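Residues per chain, in single letters:
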Amino acid sequence: MSRYVVSLGGNALGNNAEEQKQLVSNVAKYIVKLMKDGHEVVIVHGNGPQVGMINLAFSENNQVPDMPFPECGAMSQGYIGFHLQNALQNELAKQGVKRNVATVVSQVEVSKDDPLFQNPSKPVGSFYTKEQAELLAKEKGFTMKEDAGRGYRRVVPSPLPIDIAEKEVIKSLVKSGNVVICAGGGGIPVIRENNQLTGVAAVIDKDYASALVAELIEADYLVILTAIDNVCINYNKPDQKKLGKVSLNEIQEYMKGDYFAKGSMYPKVNACVKFLTRNKGKTAIIAALENAQLAFEEKSGTIIK
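Definitions and limits used
Residues numbered from 1 in each chain as written. Predicted model: local features only at pLDDT ≥ 70, side-chain atom pairs only at ≥ 80, totals over all residues. Heavy atoms only, no water. Helix = DSSP H or I, 4+ residues; strand = E, 2+ residues; numbered from the N terminus. Rg over C-alpha atoms; globule rule 2.2 N^0.38 Å. Buried < 20%, exposed > 50% of the residue type's maximum accessible area, 1.4 Å probe, protein only. Areas by Shrake-Rupley, 256 points an atom, 1.4 Å probe, with all protein chains shown as cover. Axes fitted to C-alpha atoms, helices over the stretch in contact; angles between N-to-C directions. Parallel < 35°, antiparallel > 145°, perpendicular 65-115°, else oblique. Left-handed = near helix turned anticlockwise from the far one by under 90°. Contact = heavy atoms within 4.5 Å. Nonpolar A, V, L, I, M, F, W, Y, C, P; charged D, E, K, R; others polar. Expected span 1.5 Å × (residues − 1). Bend = angle between axes of the 7 residues up to and from the residue. Pairing = 2+ DSSP bridges.

Caption draft 1: Quick peek at the overall build of the protein. Counting its regular elements, the protein contains nine helices and 17 strands. What you see for the protein is a C-alpha radius of gyration of 19 Å, in line with the 19 Å of a compact globule of 305 residues. Taken along the three principal axes of its C-alpha coordinates, the protein extends 55 × 45 × 40 Å. When the 305 residues of the protein are sorted by exposure, 51% land in the buried category. Here the protein has roughly 14,500 Å² of accessible surface; of this, 49% comes from carbon and sulfur atoms.

Caption draft 2: The packing of helix H7 (residues 248–256) against helix H8 (residues 265–278), seen in detail. Across the interface, H7 lies against H8 with an axial gap of 11 Å and an inter-helix angle of 140 degrees. The orientation of H7 relative to H8 falls into the category oblique. Seen along the crossing, H7 lies across H8 with a hand that is left-handed. Contacts from Leu248, Ile251, Gln252 and Met255 of H7 reach H8 at Tyr266, Val269, Asn270, Val273, Leu276 and Thr277. Residues of the contact of H7 with H8, tallied by class, amount to seven nonpolar, three polar and no charged.

Caption draft 3: Examining helix H1 (residues 17–36) more closely. With 20 residues, H1 extends 28 Å between its outermost C-alpha atoms, agreeing within 8% with the 28 Å of an ideal straight helix rising 1.5 Å per residue. At Ala28, H1 shows its largest kink, close to 25 degrees. A positive phi of about 100 degrees marks Gly38, the residue just after H1.

Caption draft 4: Broad picture of unusual backbone geometry. Its identity as a non-glycine residue notwithstanding, Glu218 has a phi of 60 degrees, on the positive side. Judged by its relative accessible area of 59%, Glu218 is exposed. The residue Glu298 is not glycine, and still its phi comes out positive at about 60 degrees. For Glu298, the location among the structural elements is in the loop between helix H9 (292–296) and strand E17 (302–304).

Caption draft 5: Just the packing of H1 against helix H3 (residues 69–95), in detail. For the pair H1 and H3, the least separation of the axes is 8 Å and the interaxial angle reads 45 degrees. Considering the angle they form, H1 stands oblique to H3. In terms of crossing hand, the pair formed by H1 and H3 is right-handed. Residues Ala17, Gln20, Lys21, Val24, Ser25, Ala28, Lys29, Ile31, Val32, Lys33, Met35 and Lys36 of H1 form the contact with H3, whose own contacting residues are Tyr79, Ile80, His83, Leu84, Ala87, Leu88, Glu91, Leu92 and Gln95. When its residues are assigned to classes, the contact of H1 with H3 shows twelve nonpolar, four polar and five charged.

Caption draft 6: Quick look at the sheet that holds strand E15 (residues 245–246). Spatially, eight strands are ordered E3-E9-E2-E1-E12-E16-E17-E15 in an open sheet, and the strand pairing comes out mixed. The outermost strands of the open sheet, each flanked by one partner alone, are strand E3 (101–104) and E15. Summarising the sheet, E15 and E17 pair through two bridges and their orientation is parallel. In the strand pairing of E17, Val246 is matched with Ile304. Here helix H5 (residues 167–175) sits on the sheet and contacts strand E1 (3–8), strand E2 (40–45), E3 and strand E9 (179–182); the angle it forms with E9, its principal contact strand, is near 155 degrees.

Caption draft 7: Structural detail: the sheet that holds strand E10 (residues 188–193). The four strands are arranged E8-E4-E10-E11 in an open sheet whose pairing can be described as mixed. Looking at the sheet topology across the chains shown, the edges are occupied by strand E8 (161–164) and strand E11 (196–199). Averaged over all neighbouring strand pairs, the angle between strand axes comes to 45 degrees, with direction disregarded. With four bridges joining them, E10 and E11 adopt antiparallel strand pairing. Bridge pairing in E11 links Ile191 to Thr198.

Caption draft 8: Representation of the environment of Ala288 within the structure. As for its placement among the helices and strands, Ala288 is situated in strand E16 (residues 283–288). Setting aside residues up to four positions removed in sequence, Ala288 forms contacts with Leu225, Thr226, Ile228 and Asp229.

Caption draft 9: Representation of the pairing of strand E4 (residues 107–110) in the model. The pairing of E4 with E10 spans three bridges and is classified as parallel. Following the sheet pairing, Gln107 is matched in E10 by Ile188. Where E4 and E8 come together, three bridges link them in antiparallel fashion. Opposite Val108, over in E8, you have Ile164 as the bridge partner.

Written out as structure tokens, the structure is:
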């Protein structure tokens, strides 16, 4: 029996609620098979498109007050967790497996002194003209940045996760044989002051949160399921090379060569490296969502040991 942390990318979950329900019902089949084979599973999911949609729904509706960003993250944990719970419970019943499924709304602690707070980088919400962006910055205090010639967007910090407030609950649920969905969207970012937790407007990278969850529960496997099936070097170039089975040392050497895009593949690779560096003898896999079954069997994706 092994313990898996399965990390589902927000972009791999579809563009709307109906697409998401279909995609998670497909991946539920593979996850339930893991359980049927006797393994334990904890699920972390992204929420980039989803939290942006929630934030937009409030910010552009003058009939309702603005919703603070941490609360938008909590809402996304709730409805994505519901879709995952529902799909898993239905599939468990179909395959005759008796397991309970629980979503833990998770507060993930970050340091108020994290230098990444000084350089907001995660875009959220709609595109705006320069004039609109300047007005939002003045009226609401948002940090607005130009995004690849497409307009201006609000950006928020992306601090690194250091702890999970609900970690003992998560550990207890896993130890009792339950399937746990936690740290959705990287978790609701909170800072600790005078032993009190306070939500902050930020987005924690769900891959780093997944690595932290994997470490806290002593997982054997960290599996990051995304929209593409392999990590590549020289991506989209004539000498592009897919990485299959690689050692931790090899992938660390590739990281020194700046082969991975900072906004997409780099966090996934770096999260795997962090997990494997701190947990010797474990396995990390990056693979496509549709190839989840093969990835769990170490027959697809990039497998790092």
